[in-house]
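Breakdown of the fold
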Amino acid sequence: MRVGSWVLLVLVVLFFMVVLTPGCDETSQPSTVQTIVLKGSPYDRGLQHGKAFKPYIRSLYTRLLTNSIVPYLNREQLNIAPVLNKYNDPQYQGGQFSAQMLLESGRYMKDKAIPEEYVDEIRGIADGAEMEFDEILSLNTFFDTMMSFRSIVLFIQNIQHPYIQSLSFGEELDSDGFDNDGNGDTDEAGDNRMDVYVSTPYAVMLEVEPDAAIRFVIDDPALLGLACIDLRNTPPHGEMTVERSCVEESCISPDPECQTADPVPLDCLDVRYMDPECSAEACMDLACAQVEEFPACFDNACIQPGANGDCPNMTLEASCYTDGCMEKECYPSLSTPECYDEKCYSEKCQEIRRGVCLFPRVGSDCLKTECVEISDPSCVNPESLRIYVNDTLYAHGDGSITTRLLDPVEGKTQVSDCDAPLEVIFQPPEGFEPASAVSITLQTGDLAPVYSPEPFHHRNMRDERFVFTTKGYAEAHGTGHKVWEVPNKGVELSGKMPTSLAFGARNKATKDGKPLLAHHFGLLDNDMMHEHSALFFIVPEKGYPYALVGYTGIAWGFSGMNTEGLTYAFNPSDSLDNSLVGRVMAEMFKPENLMILLENPDLEGLSKVLREIRLLPDGVPIGIALREMLKNNKTADDGLAYLYDQPRTYGWNALLADAAGELIAVEMDGATQGVKSGTLTNEDGFYYYRPDASDPENVDTHGRLYSSITPDDIRIASHFRKNTADMEPIIIMGVFSPKAQPEWTGFYFRSLRTYYMLGEVMEAYIGTPDDDRAIDVDLAIEMLRTPELVDTRDSMNACVYEPAVGLMHCGMGGVPATDQPFIAYDLAATIAGEVSP
Amino acid sequence: MKTSTQSILSVLSIILALTGFSLPAHAAFTETLPQGMLLLDESFVVSWLGERWNNDGKRDELLDGIDRYDPGGGLQGIIKPEPDATYMMLVNRVNIGILDNLTFALAVPVVLYTRVSPNLNWESGDYQSQIGRVYSDADFWEWAQSMGQSKPQTWIGNRGKISDLVLGLRFRWTDYIESLNEVGFKSAVSVLGVIPTGSNADPEEVVSAGTSMWDLNFQGDLAFHLSFDKTFERELDGRLIIGLDVFYEVFFERELTSPTGAKHPLLRNFAPYIGDTYTVKPGDFSGVSLDIDIIAYKGPVLDTWLTRGKKNKADSTAEGGVESAESDEVVEAEPERDMSEFEKRFPPIITFGLNYNFVHVQQTDYNSDFPQWDFDQEDLWRPGYKNALTGKVTFSFIRLGAPFNLYVSYRTLRLIPGKNSRAPDILTVGLQIPIPLIGW
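All of the points below concern the structure found in this document. Because the structure is a prediction, the values reported are computed rather than measured.

With that settled, the discussion passes to the overall build of chain A. Check the secondary structure of chain A and you find 22 helices and 28 strands. Here the contacts in chain A between residues at least 6 apart in sequence split such that 69% fall between residues at least 24 apart. As displayed, chain A offers around 31000 Å² of accessible surface, 52% of which is attributable to carbon and sulfur atoms.

Structure representation (structure tokens):
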């Protein structure tokens, strides 16, 4: 073969390899940040929004609500329904609890508080995205509902898990010549201890001996009536049963299999066997509403789809329910409140239904009190003790922890042998580091079996953290003579992410003297929120144009700025002083209900009092309130006055800034415990402060600015600095008294650490009033990117605003948001159409 | 759970060592059947897949670990999938010699069985105050179950399901160029196309697999091959054949149904935001194969019913001459050469083959209503390449009077690193039966 042939051959091969292998672009991540300018009427703006981002909106609804929030909250029905019995109603069953609850809450806010303009816009979004109005309404209100709902759930858990009763350190502190407990007295009796432990943002004790032993007394509450909750729990994937010895015989079905069953399946404990005064026929009616094995109760002729205006999905003929019977098939379609009111049940069966404690059929009267121990022996579990000294873990069994049961509380009925306070003596073998601030984080649980929410667990208290100093700290550091001089900052522990934060700077604190506001919001990314990030430039028909940083399908943002320079950022700040709790309180304080509670000081009594209560938040969703503020106000003071007038759904911290350099931090809650004065002032549910020491309202009881290093900076995290007594205890309510923020929320210690860390960062970048350090946008971004301040899991968006020049720099569309490029947007130019968003 | 679902689905593509053509004895790229000859080929194929070559060209688990967080809480743990998949197939092939240098092929692959095991292991994460411990594997799936998601289990299906049919033509054009033949150089072009008789994976299943060419991922919908063989008749007694094949295989865009969540309402409810259907344009294949066949043992052509007539004819030619095919002239006999030509008509008894196959895979393109979802899928099908090695041994019994060949091949993509490709092993055992349509 000649050389030429080989050359030809090679050329043919190369032809195939090169010509027939065209380059194909490798896939690349599409933009996860959507931007749009919205103009026109509210409905038109919504329509533009909905059409432009239709798949994103549908994705957000499906993946966030349908796939995540709804099933997650459904798990809490078993905790909520025993107290708020309304949620045992049929329309909340079958996995409909949270979807129904979110929808009812959204409708309530729409009817009571959301300005019509935003309702129209939400309707436009729904039409543009070709979704149901209710779906978009839920998407726009779930955040406020969820935060409030979560507080109720945490509170119910809080009153059942163990708690630190008291805390003491070595006896030598009583004679060391130091005011160790910070009460103003030196070496008084008890100078070494907190007889009633309370969570604090500062140190609990000063100048403790490094080899001291810490003594905790931990108790586990015993709430009679808890059987109703705990016996309803079921081993996962198994049959729900109750020990036969725990059940009143009259409650067991006459069915031969039930009569011999031990343990007794819950199916054998139907409500119809509970009340002998309830006629068999009437009870059967209720039963057939819950048990589809009773076909005789169904009357398909009663269902006429689409004929009734109030109940668009069907018509319920009177004959369907006046006899106390309602078809099971009706429930899923009964999506409007008008469709499931009490007329669907006979009066007698309503009473029975209210008495039902355990879903779906077991009455609390059926359970023998001696069986309470099974459900909650009211014991702290010593083996669950874990104590961190800074970031070093000590656990039960390693020799550093010794425990013993103290004598039972006098007058208290013991439900088990271990129903008594547990004394814990903790002494790490190497002692504590001298002249240091020591952080202690305590974790423990009780022995109550909790099968739901899954997985199986016992009741565990939140991670409780306190700080103390050791001998020599005050001398070595020149501070620490008072407990409030030592922050409860803690240390970085695995899994404990920082919370949302924001800070502002101006004048000497910025290089050009102009104000900056920086915000990093993080709460829940769920591996998908970042894909729906959106920046909206909105030109309302009336009012100032503005920009919002938010998410597709949601008509509000977590931060924003208008063309006048008014800028806001907000964070949640957990509070039981919210409208949901307020509604519960109002119901409990009705005279007739107080009597019931006095007679039944337990959860069962509480459930009777609250039988008609639903979780409906009063107030304007915070995002919509702040959006409305941008539309109508020019300055931070105007905005402050506007916010004062708005009813709040929950606890929030907001930071306001304006073009003139005003910086205001606002701490808000539902204000259920005070009477609104009607004039802008610091009062229950509304506290604010600025970095201006000349106004006493801006300094704490120790004469310090609430949240500033210098007169030209300010910061917020996710806890209250000024509104610290957001919820005063109500003594008469005993264990059911709502608590102040530091006492219950799991966010509290995380937020404290974030707040103090941010303070250190600001001090490093901005310095003191006497030096020349100052920041600009780049440095502000650098500050936001400080690793200790970044929630690497649930970071959502981060922005730096320049109110005086109308520029905003935002990082979003990825997790963490601070790792994304901060894109600059010129608000005025974008709205004028001079630049594309 | 998004990541896990989509990733699990991604492992289901398996490369099978199938081609439309199946020719006797040795696997030279240019070989065709004699005119009038039909070759039945039945092969049993088993494929195992448990690894992949990642974007860095490193061998890796098929799926990355999936970090799971309690919403708003700490790290629950990491799901560490070690999935594996097994396909069993019966590949039925028919090749027909239309001309001595033109062969038609039909392949009917039938999937006998598919099994996909997600093998989800668990690495615990942070201590969770809420439950007072770290999440164990059981804890996590109990949690997931309460959210409505049970642990994905092994999926078995596709029993007896037909795949796409493959049709092909091979034309050896160098037969018309005597000078190339004289130096033992042959070249052929082949075209293969599929008839889409296979089925797609059930979109509603968390773990499942289909039987289409896209699911099997072994051949494009339309394939073009240009092949070359070099034999060494004079130098090595024809015991070595070196072949080269360059190819381009096109996948056509296909429309698939989006999962609605009918079976898994939380995990497979994409339709609301990606649309009722979406399209996939799989990345085309292109590449080159190098093939070496060594005839280890030619063996004698025994005087059997298969060879008798031809052997006698060869014998007589060897003794006195042979008639020219082109004319009636009697040419001078070349006895040894004629016997050699005669024996060449029968495959050698034992042939060893070694094949190296390089396949460049282009980016696969998804198109739905939701660009982010498209990217999430495309990210699993980035451009890459595969390096496959195949060893094959063929036993032919035709010389001995039995009209069949047996072959066994083993193909692996695990030895030579690839990129963004799966690394299966494939065992093939086959039987070939030549049937003369116009007499032996």
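Helix and strand counts for chain B stand at 9 helices and 25 strands. The buried share of chain B, taken over its 440 residues, is 56%. When contacts within chain B are restricted to residue pairs at least 6 apart in sequence, long-range pairs at least 24 apart make up 74% of them. Carbon together with sulfur atoms contributes 57% to the accessible area of chain B, which is approximately 17700 Å² in total.

This part covers unusual backbone geometry. Here the bond from Glu 454 of chain A into Pro 455 of chain A is cis, since omega is 0°, no more than 30 degrees from zero. Note on placement: Pro 455 of chain A falls in the loop between strand 14 (437-446) and strand 15 (464-470). The linkage connecting Val 815 of chain A with the following residue, Pro 816 of chain A, adopts the cis geometry, with an omega of -5°. Relative to the helices and strands, Pro 816 of chain A is located in the loop between strand 27 (807-812) and strand 28 (823-826). With phi around 50°, Ala 671 of chain A is a residue other than glycine that occupies positive phi space. By the secondary structure assignment, Ala 671 of chain A is in the loop between strand 23 (663-668) and strand 24 (686-689). On the accessibility criterion, Ala 671 of chain A (24% relative accessible area) is partly exposed. Phi at Asn 119 of chain B is positive, roughly 45°, even though this residue is not glycine.

Residues and elements named next belong to chain A. The 6 strands lie next to each other as 25-16-17-26-27-28, forming an open sheet whose pairing is antiparallel. Two strands in the sheet have a free side with no partner beyond their single neighbour: strand 25 (713-716) and strand 28. Averaged over all adjacent pairs, the angle separating strand axes in this sheet is 15°, with direction ignored. As paired elements, strand 26 (residues 795-802) and strand 27 share 6 bridges and run antiparallel to each other. What sits directly across from Glu 802, in strand 27, is Leu 807. The sheet strands contacting helix 20 (residues 747-766) are strand 16 (501-505) and strand 25, and the helix crosses strand 25 at an angle near 160°. Lying on the sheet, helix 21 (residues 777-784) is in contact with strand 16, strand 17 (516-522), strand 26 and strand 27; it crosses strand 26 at an angle near 155°.

The figure often quoted for interface size is the accessible area lost as the parts come together. Of the residues lining the interface, 52 residues belong to chain B; the matching set on chain A comes to 53 residues. For the pair chain B and chain A, the summed buried area comes to about 4700 Å², and 59% of that belongs to carbon and sulfur atoms. Applying the counting criterion to the chain B and chain A interface returns 2 salt bridges. Asp 126 of chain B is paired through a salt bridge with Arg 793 of chain A; the nearest N and O atoms lie 3.2 Å apart. Here chain B is connected to chain A by 15 residue pairs in polar contact (both at pLDDT 80 or more). Counting only elements with at least two residues in the side of chain B that touches chain A, the list comes to helix 1 (2-10), helix 2 (137-146), strand 14 (222-231), strand 15 (240-250), helix 6 (271-274), strand 18 (285-297) and helix 9 (371-378) of chain B. Here the residues of the side of chain B that touches chain A sort into 26 nonpolar, 15 polar and 11 charged.

For an α-helix, 3.6 residues make a turn, and residues three or four places apart therefore share a direction. All names here are of chain A. The end-to-end C-alpha distance of helix 5 (residues 97-112), which contains 16 residues, comes to 22 Å, matching closely the 22 Å that a straight helix rising 1.5 Å per residue would cover. A large share of helix 5 lies buried, amounting to 12 of its 16 residues. Where helix 5 is concerned, the buried positions are Phe 97, Ser 98, Gln 100, Met 101, Leu 102, Leu 103, Glu 104, Ser 105, Gly 106, Arg 107, Tyr 108 and Met 109. Those residues of helix 5 that are buried lie in contact with helix 3 (54-74), helix 4 (77-80), helix 7 (133-158) and helix 15 (579-588).

The subject of this paragraph is the packing of helix 3 of chain A against helix 7 of chain A. Residue and element names in this part refer to chain A. One way to put it is that helix 3 packs onto helix 7 with a least axis distance of 11 Å and a crossing angle of 35°. Crossing geometry of helix 3 relative to helix 7 is assigned as left-handed. Listed contacts from helix 7 to Ile 57, Leu 60, Tyr 61, Leu 64, Leu 65, Ile 69 and Leu 73 of helix 3 are Glu 135, Ile 136, Ser 138, Leu 139, Phe 142, Met 146 and Phe 149.

Structurally, Phe 370 of chain B can be placed in the loop between strand 22 (365-367) and helix 9. C-alpha of Phe 370 of chain B to C-alpha of Tyr 278 of chain B: the two residues are 92 residues apart in sequence and 9.7 Å apart in space. Apart from residues lying up to four places away in sequence, Phe 370 of chain B is in contact with Pro 55, Tyr 56, Ser 59, Arg 63 and His 532 of chain A together with Tyr 273 and Ile 274 of chain B.

This paragraph deals with the packing of helix 3 of chain A against helix 5 of chain A. Residues and elements named next belong to chain A. Two numbers describe how helix 3 lies on helix 5: the axes approach to 7 Å, and their chain directions differ by 105°. As the angle between them shows, helix 3 and helix 5 are arranged roughly perpendicular. Contact residues: helix 3 offers Ile 69, Val 70, Pro 71, Leu 73 and Asn 74, while helix 5 offers Phe 97, Ser 98, Ala 99, Met 101 and Leu 102. Partitioned by chemical class, the residues of the contact of helix 3 with helix 5 number 8 nonpolar, 2 polar and no charged.

Residues and elements named next belong to chain B. Judged from the 6 bridges that link them, strand 6 (residues 102-117) and strand 12 (residues 165-172) form a sheet pairing that is antiparallel. In the strand pairing of strand 12, Ala 105 is matched with Gly 168. Here strand 12 pairs with strand 13 (residues 185-195) via 8 bridges, running antiparallel. Looking at strand 13, one finds that Gly 168 is bridged to Leu 192.

The next point concerns the environment of Thr 86 of chain B. All names here are of chain B. Inspection of the secondary structure assignment puts Thr 86 in strand 5 (residues 84-99). A residue is classified by how much of its surface remains accessible, and Thr 86, at 6% relative accessible area, is buried. Expressed as a C-alpha distance, the spacing of Thr 86 and Val 46, which sit 40 residues apart in the sequence, is 7.1 Å. The residues contacting Thr 86, other than those within four sequence positions of it, are Val 46, Ser 47, Trp 48, Tyr 113, Thr 114 and Arg 115.

Quick look at the side chain of Glu 121 of chain A now. Residue and element names in this part refer to chain A. Looking at where Glu 121 falls in the secondary structure, it is placed in helix 6 (residues 116-129). Using a relative accessible area of 1% as the deciding quantity, one classes Glu 121 as buried. A polar contact of 3.1 Å, which involves the side chain of Glu 121, links it to the side chain of Arg 45.

Where two cysteines share a covalent bond between their sulfur atoms, that bond is called a disulfide. All names here are of chain A. Under the defined criterion, the tally for this structure stands at 2 disulfides over all chains. With its sulfur 1.8 Å from that of its partner, Cys 379 forms a disulfide with Cys 418. Where Cys 379 bonds to Cys 418 through sulfur, the torsion about that S-S bond is close to 85°, and the disulfide is right-handed. Within this pair, whereas Cys 379 is found in the loop between helix 13 (372-375) and strand 10 (380-389), its partner Cys 418 is found in the loop between strand 12 (401-405) and strand 13 (422-426), the two being separated by 39 residues in sequence. Residue classification places Cys 379 among the buried positions, given a relative accessible area of 0%. Disulfide pairing is shown between Cys 799 and Cys 810; the S-S distance is 2.1 Å. Because the sign of the S-S torsion sets the handedness, a value of about 115° for the bond joining Cys 799 and Cys 810 places this disulfide among the right-handed ones. Taken together, the residues span a long stretch of sequence, with Cys 799 in strand 26 and Cys 810 in strand 27 at a distance of 11 residues. For the pair formed by Cys 799 and Cys 810, the shared burial category is buried.

What follows covers the pattern of salt bridges. Residue and element names in this part refer to chain A. Overall, the coordinates contain 50 salt bridges over all chains when judged by the stated rule. Its salt-bridge partner being Arg 107, residue Asp 134 comes within 2.6 Å of it at the nearest N-O pair. Here Asp 134 is found in helix 7, whereas its partner Arg 107 is found in helix 5, with 27 residues between them in sequence. Among the residues examined, Arg 107 registers a relative accessible area of 13% and is labelled buried. In the salt-bridge network here, residues are joined through shared partners; they are Arg 45, Glu 117, Glu 121, Arg 627, Glu 628 and Lys 631.

Thresholds applied
- Residues numbered from 1 in each chain as written.
- Chains lettered and ligands numbered in written order.
- Predicted model: local features only at pLDDT ≥ 70, side-chain atom pairs only at ≥ 80, totals over all residues.
- Heavy atoms only, no water.
- Helix = DSSP H or I, 4+ residues; strand = E, 2+ residues; numbered from the N terminus.
- Contact = heavy atoms within 4.5 Å.
- Areas by Shrake-Rupley, 256 points an atom, 1.4 Å probe, with all protein chains shown as cover.
- Buried < 20%, exposed > 50% of the residue type's maximum accessible area, 1.4 Å probe, protein only.
- Pairing = 2+ DSSP bridges.
- Axes fitted to C-alpha atoms, helices over the stretch in contact; angles between N-to-C directions.
- Buried area = accessible area lost by both parts, 1.4 Å probe.
- Salt bridge = Lys/Arg side-chain N within 4 Å of Asp/Glu carboxyl O.
- Polar contact = N/O pair within 3.5 Å; in protein donor to acceptor, adjacent residues only side chain to side chain.
- Nonpolar A, V, L, I, M, F, W, Y, C, P; charged D, E, K, R; others polar.
- Expected span 1.5 Å × (residues − 1).
- Left-handed = near helix turned anticlockwise from the far one by under 90°.
- Parallel < 35°, antiparallel > 145°, perpendicular 65-115°, else oblique.
- Disulfide = S-S within 2.5 Å.

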